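# Examining the three-dimensional arrangement
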Amino acid sequence: MCAAILAPVLAPLDPDRQNLLGRLKVPGFESRGVTYWLGTDELGRDIFSRLIYGARISISVAVLSVLLSGIVGVTVGMLAGYLRGWWETVLMRLVDIFLSIPAILLAIITVAVLGPGFFNVIIVLTLTRWPRYARVAYGQTLSVAKRPFVALSQAMGGSVPRVLWVHILPNIIGPVLVVATLEFGLMVLFEAGLSFLGLGVQPPTASWGAMLSTGRNYVATAWWIATFPGLALFLLVLSANLIGDRLSDTIGKGR
Amino acid sequence: MLIFLLNRLFQALITAFGVLTLVFFIQRLTGDPTALLLPETATQEDFEAMRRTLGFDRPLIEQYFAFLGDMLRFDLGKSFVQNAPVSEILASRIPQTLQLAAGALFVAFAIGLPLGGVMALMRGRWLSRWIMGFVLACQSMPTFWSGIMMIMVFGVWLKWLPPSGTGSFAHLIMPSIALGLLSLATYARITRSAVVDELGRDYIRSARARGVKMPRLVSKHLLRNSAIPVISITALEISQLLAGAVIVETVFAWPGLGQLTVQSVAARDFAVVQAVVLLGALVTIFANLLADILYSIIDPRVRLGSSS
């Protein structure tokens with residue numbers, strides 16, 4: 001409801017952002033005589049180009065970790081909600097345990113062990129975030145599993161993977177997608193947060209979080225270093241949240 | 001009531017135990033945590049000596065029980081970097097983080113609750129739409145960015161507030177706002193939906209039909225009944241704030257637990273990192289337990305529902 005009111009106000013923003021960030025093929029040159037649209041950083045690198053390259057990292061980390069944690073979480077949630085009994089107790093208890101460690105702290109301790117880097121960040125984010133999907137998938141599966149077509153499929157000898165894949169998954173995917181869009185924004189923030197702390201993708205690879213961290217040291221002399229990556233981050237997360245809000249609204253109405 | 005309490009307590013204990021186990025195994029993901037504890041310049045002999053002192057050469061299961069034993073005795077171990085017991089190091093940092101979290105919670109409450117209420121009561125008007133936009137902005141704002149921007153504008157350009165560090169009330173203002181923004185958004189949303197829910201109830205409609213004035217209705221009935229979801233979300237917010245503190249404290253050079261965590265990771269002081277993670281988890285578990293109990297006191301239906 002409220003997102004429907006809001007959407008017209010801010011909607012023109014998000015398709016643009018998505019398109020712009022979607023096709024990131026612009027190379028960042030540093031030759032002389034080129035306009036540096038957003039200034040340069042402490043090593044004379046073009047911030048605009050680094051922003052675009054950083055977007056690549058942010059988005060690919062976020063997309064991959066959303067996908068991975070979604071797959072893991074949804075599988076666990078469906079299994080727990082469908083099989084019940086012991087599976088349910090053990091799996092959902094595991095979810096509680098993961099959820100009770102503040103996500104950033106869990107991420108930090110895992111990165112500290114594994115070491116920073118592109119793939120490790122994805123692993124860490126997956127490890128930290130899958131329980132959220134598990135919760136949602138679990139709750140949805142519980143209600144879907146009660147419906148007649150599930151019992152019918154069981155009676156006809158459908159195996160567990162088949163029932164889950166063919167009957168349950170299509171019926172729970174809506175709410176899972178809503179969570180995934182909201183999580184996308186969160187993942188972008190997480191990745192940037194980890195790089196900001198120096199635990200994410202390592203320099204010299206451009207990453208918004210790391211750019212902000214540099215910018216912090218130059219707030220007094222070069223305001224633009226910290227301003228633009230943060231603005232980009234803010235807009236990306238904002239549009240993800242807007243889409244998530246609107247999605248949850250449409251899906252909520254459809255029910 | 002007693003059965004409900006014991007049941008919840010038992011669940012909390014199981015979760016706490018699970019967290020201990022999880023942290024233990026995460027540290028051993030790469031096989032041998034000795035390397036995490038030593039500086040990069042350590043020799044092979046240092047390595048072996050350290051392994052033996054810490055017992056990492058023993059079988060995994062033995063290490064696990066030794067670890068659990070230490071934790072049960074509240075023995076968090078010793079920091080090799082700072083050469084002091086971890087518990088002392090933590091204790092010296094906790095007050096700062098509490099101060100910051102309290103400030104942030106205050107910001108979130110003082111601004112978030114009224115905003116949520118206004119949004120609910122003025123549904124569909126332009127004011128509510130603007131507030132919703134503001135709330136969404138708060139929600140999407142990276143803490144480290146808003147922090148840096150505030151430092152730049154109020155600390156460096158206008159020189160109204162000290163840009164970083166601690167010591168006076170003025171030092172607390174910017175970090176509290178930076179940390180509180182996300183919680184502010186959560187509170188505004190929760191309050192809004194709680195008040196909207198209550199507004200739709202029969203008793204409100206009949207009261208309005210009887211001619212009870214809106215302000216009286218809001219202060220007498222709405223606020224109290226909308227308080228339940230707000231209270232229960234506070235438990236979750238506390239652990240959010242703790243996690244957020246890691247970044248905010250780094251931005252503002254605030255000497256609390258969060259800064260300690262980041263410094264300890266950089267210094268490979270793993271005993272300290274582990275202790276902060278465990279502390280964070282325990283606080284979260286305890287806060288959830290507290291919320292459950294409060295909830296059941298305010299709304300007895302919860303108690304009945306959960307025990308069945």
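Within every chain, residues take consecutive numbers counted from 1 along the sequence as written. Here every chain gets a letter starting at A, and every ligand a number starting at 1, in the order they are written. Whole-chain, interface and lining totals are the exception, using all residues; otherwise, since this is a predicted model, local features are given only for residues with pLDDT of at least 70 and side-chain atom pairs are given and counted only at 80 or more. With hydrogens and water excluded, all non-hydrogen atoms of the structure serve as input to the side-chain values.

### Some words on the pattern of salt bridges
Between side chains of opposite charge, a pair can form when the charged atoms approach closely. Residues and elements named next belong to chain A. A carboxyl oxygen of Asp or Glu within 4 Å of a side-chain nitrogen of Lys or Arg is what we treat as a salt bridge. In this structure the tally under the stated criterion is four salt bridges over all chains. A salt bridge links Arg 135 to Asp 96, with the shortest nitrogen-to-oxygen separation between them at 2.6 Å. Linking Arg 135 in helix α6 (residues 118-144) with Asp 96 in helix α4 (residues 85-99), this pair joins segments that are 39 residues apart in sequence. By relative accessible area, which is 41% here, Arg 135 ends up partly exposed. With a shortest N-O distance of 2.6 Å, Arg 132 and Glu 183 are connected by a salt bridge. One end of the pair, Arg 132, is in helix α6; the other, Glu 183, is in helix α8 (residues 160-196), and 51 residues separate them in sequence. Buried means the residue's accessible area, taken with a 1.4 Å probe over protein chains only, is under 20% of the maximum for its type, while exposed means over 50%, and partly exposed covers the values in between. Owing to a relative accessible area of 31%, Arg 132 belongs among the partly exposed residues under this scheme. Connected through shared salt-bridge partners, Arg 93, Asp 96 and Arg 135 make up one network. Only runs of H or I of at least four residues qualify as helices and only runs of E of at least two qualify as strands under DSSP, and these elements are numbered from the N terminus.

### Concerning the interface of chain B and chain A
In what follows, residue pairs with any heavy atoms lying within 4.5 Å of each other are defined as contacts. Contact residues are listed per partner, giving 51 residues for chain B and 42 residues for chain A. In short, buried area is how much 1.4 Å probe accessible area vanishes from two parts on joining, totalled over both. Buried area between chain B and chain A, both sides added, is near 4,300 Å², and the carbon and sulfur share of it is 83%. On the surface where chain B and chain A come into contact, there are zero salt bridges. N or O atoms closer than or at 3.5 Å make up a polar contact, with two conditions inside protein: a donor-capable atom paired with an acceptor-capable one, and, for residues adjacent in sequence, both atoms drawn from side chains. Counting across the chain B and chain A interface gives two residue pairs in polar contact (both at pLDDT 80 or more). Looking at the side of chain B that touches chain A, the elements with two or more residues in it are α1 (2-27), α6 (126-140), α7 (143-157), α8 (169-199), α10 (214-252), α11 (257-266) and α12 (270-298) of chain B. The classification used treats Ala, Val, Leu, Ile, Met, Phe, Trp, Tyr, Cys and Pro as nonpolar, Asp, Glu, Lys and Arg as charged, and all other residues, Gly among them, as polar. Split into classes, the residues belonging to the side of chain B that touches chain A amount to 33 nonpolar, 15 polar and three charged.

### A short note on the packing of α7 of chain B against α8 of chain B
Residues and elements named next belong to chain B. Think of each axis as a best-fit line through the C-alpha atoms, taken over the contacting stretch in the case of a helix, with angles from 0 to 180 degrees between the N-to-C directions. In the contact formed by α7 and α8, the axes pass within 9 Å of each other and the chain directions differ by 150 degrees. By the angle class used here, α7 and α8 are roughly antiparallel. Every pair of crossing elements has a handedness; the one defined by α7 and α8 is right-handed. Contacts between α7 and α8 involve Thr 143, Ser 146, Gly 147, Met 150, Ile 151 and Phe 154 from the first element and Met 174, Ile 177, Ala 178, Leu 179 and Leu 181 from the second. Angle categories: roughly parallel below 35 degrees, roughly antiparallel above 145, roughly perpendicular from 65 to 115, and oblique for all the rest. Each helix crossing is assigned a hand: it is left-handed if the near helix lies turned anticlockwise from the far helix by less than a right angle, otherwise right-handed if that turn is clockwise.

### Focus: the domain arrangement of chain B
Residues and elements named next belong to chain B. The split into domains, and so the bounds of each, comes from an automatic or database assignment of domains. Taken domain by domain, chain B holds domain 1 (2-86) and domain 2 (91-306). Each partner contributes to the interface: domain 1 provides 25 residues, whereas domain 2 provides 20 residues. Together, the buried faces of domain 1 and domain 2 total about 2,000 Å²; carbon and sulfur atoms form 70% of this surface. Where domain 1 touches domain 2, the interface holds zero residue pairs in polar contact (both at pLDDT 80 or more). When residues of the side of domain 1 that touches domain 2 are traced back to their parent elements, those giving at least two are α1, α2 (34-37), α4 (60-72) and β1 (78-79). Of the residues assigned to the side of domain 1 that touches domain 2, the class counts are 18 nonpolar, four polar and three charged.

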